[in-house]
Amino acid sequence: MSSSGLPESARVVIVGGGIIGCSVAYHLADMGCKDVVLLEQSQLTAGTTWHAAGLMTTYGSMSETSLEMRKYSRQLYAGLEEETGQATGFQAVGFIEAASDADRLEEQRRVAAFNRLHGIDVVEISPAEISDLFPLAKVDDILAGFYTATDGRINPVDVTMALAKGARLRGVKIIQNTPVTGVLSQRGTVTGVKTARGDIKSEIVVNCAGM
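In what follows, the accompanying structure is described. As the structure is a prediction and not an experimental result, all values here were calculated from the model. (Residues numbered from 1 in each chain as written. Predicted model: local features only at pLDDT ≥ 70, side-chain atom pairs only at ≥ 80, totals over all residues. Heavy atoms only, no water.)

Each helix and strand counted, the protein has 5 helices and 11 strands in total. Computed over the C-alpha atoms, the radius of gyration of the protein is 21 Å, more than 25% above the 17 Å expected from 2.2 N^0.38 for a compact globule of 211 residues. On the principal axes, the C-alpha backbone points of the protein span a range of 65 × 40 × 30 Å. Here the protein, with 211 residues, has 37% of them falling under the buried criterion. For the protein, long-range pairs separated by at least 24 residues make up 68% of all intrachain contacts whose partners lie at least 6 apart in sequence. With the model as given, the accessible surface of the protein reaches about 11,400 Å², and the carbon-plus-sulfur share is 52%. (Helix = DSSP H or I, 4+ residues; strand = E, 2+ residues; numbered from the N terminus. Rg over C-alpha atoms; globule rule 2.2 N^0.38 Å. Buried < 20%, exposed > 50% of the residue type's maximum accessible area, 1.4 Å probe, protein only. Contact = heavy atoms within 4.5 Å. Areas by Shrake-Rupley, 256 points an atom, 1.4 Å probe, with all protein chains shown as cover.)

This is how it looks when you write it as structure tokens:
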């Protein structure tokens with residue numbers, strides 16, 4: 001540990017303490033990589049994470065890889081609270097995709113068939129059923145809806161804090177109020193990061209600093 005309070009080195013340095021950075025830290029530690037430092041320039045979730053919509057939907061992709069990632073995310077968020085004691089705000093309030101013309105209806109029927117093939121429990125519902133589920137909806141120009149009852153929403157800040165807590169429990173060091181000002185390299189290879197409080201040597205730098 002340097003005089004600034006920063007570790008002098010880490011195998012992995014993650015830049016950015018939003019939901020992506022904290023997820024990377026959590027999963028690296030969960031897979032056995034313990035020598036990880038996460039640096040956040042301000043406070044966790046202070047960037048775009050805190051005002052994200054928080055939609056947690058499994059339905060809608062035509063990519064098998066994306067569908068598996070969505071299903072895994074739902075399972076992860078549902079279990080994080082039990083694991084860490086930190087609420088995630090996960091609520092399975094349901095998700096409806098609406099089709100208002102014939103082309104859109106055909107497209108969504110194909111998407112729904114592909115999703116069902118990969119284990120997504122999506123059903124086609126009528127405009128009247130959409131109205132029953134969501135009375136504020138205007139449905140007089142809707143042909144059908146596609147409803148996934150177990151999809152819903154999370155609180156992005158709460159999920160980030162749960163991931164961060166899980167990462168800390170696995171040995172990750174999370175350091176806030178520490179802007180990263182540059183990436184150190186030698187002969188084209190990353191050797192660490194430069195921060196406002198000093199340098200950290202590192203084999204791997206993961207950029208999760210957002211846009």
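Moving on from the coordinates now.
Counted according to the given criterion, the structure contains 12 salt bridges. Residue Glu97 pairs with Arg104 through a salt bridge whose shortest N-O separation is 2.5 Å. The exposure class assigned to Arg104 is partly exposed, which follows from its relative accessible area of 26%. Arg104 is paired through a salt bridge with Glu107; the nearest N and O atoms lie 3.1 Å apart. A residue pair is termed a helical-turn pair when its members lie 3 or 4 positions apart in one helix, as Arg104 and Glu107 do in helix α3 (residues 102-117) at 3 residues. Using a relative accessible area of 39% as the deciding quantity, one classes Glu107 as partly exposed. The network of salt bridges with common partners includes Asp30, Glu83 and Arg170. (Salt bridge = Lys/Arg side-chain N within 4 Å of Asp/Glu carboxyl O.)

By the element assignment, Glu81 lies in helix α2 (residues 64-84). Glu81 gets classed as partly exposed once you look at its relative accessible area, which sits at 41%. Remark: the alpha-carbon pair of Glu81 and Val159, spanning 78 residues in sequence, is separated by 8.7 Å. Once you skip the residues sitting within four places of it in the chain, Glu81 turns out to touch Gln86, Ala87 and Thr88.

Together, Leu133, Phe134 and Leu136 line one region of the surface with nonpolar side chains, adding up to about 350 Å² of accessible area. Positionally, Leu136 belongs in the loop between α4 (127-133) and β6 (144-148). Given the relative accessible area of 77%, Leu136 is considered exposed. (Patch = residues over 30% accessible without salt bridge, like charges linked within 9 Å, V, L, I, M, F, W, Y side chains within 5 Å.)

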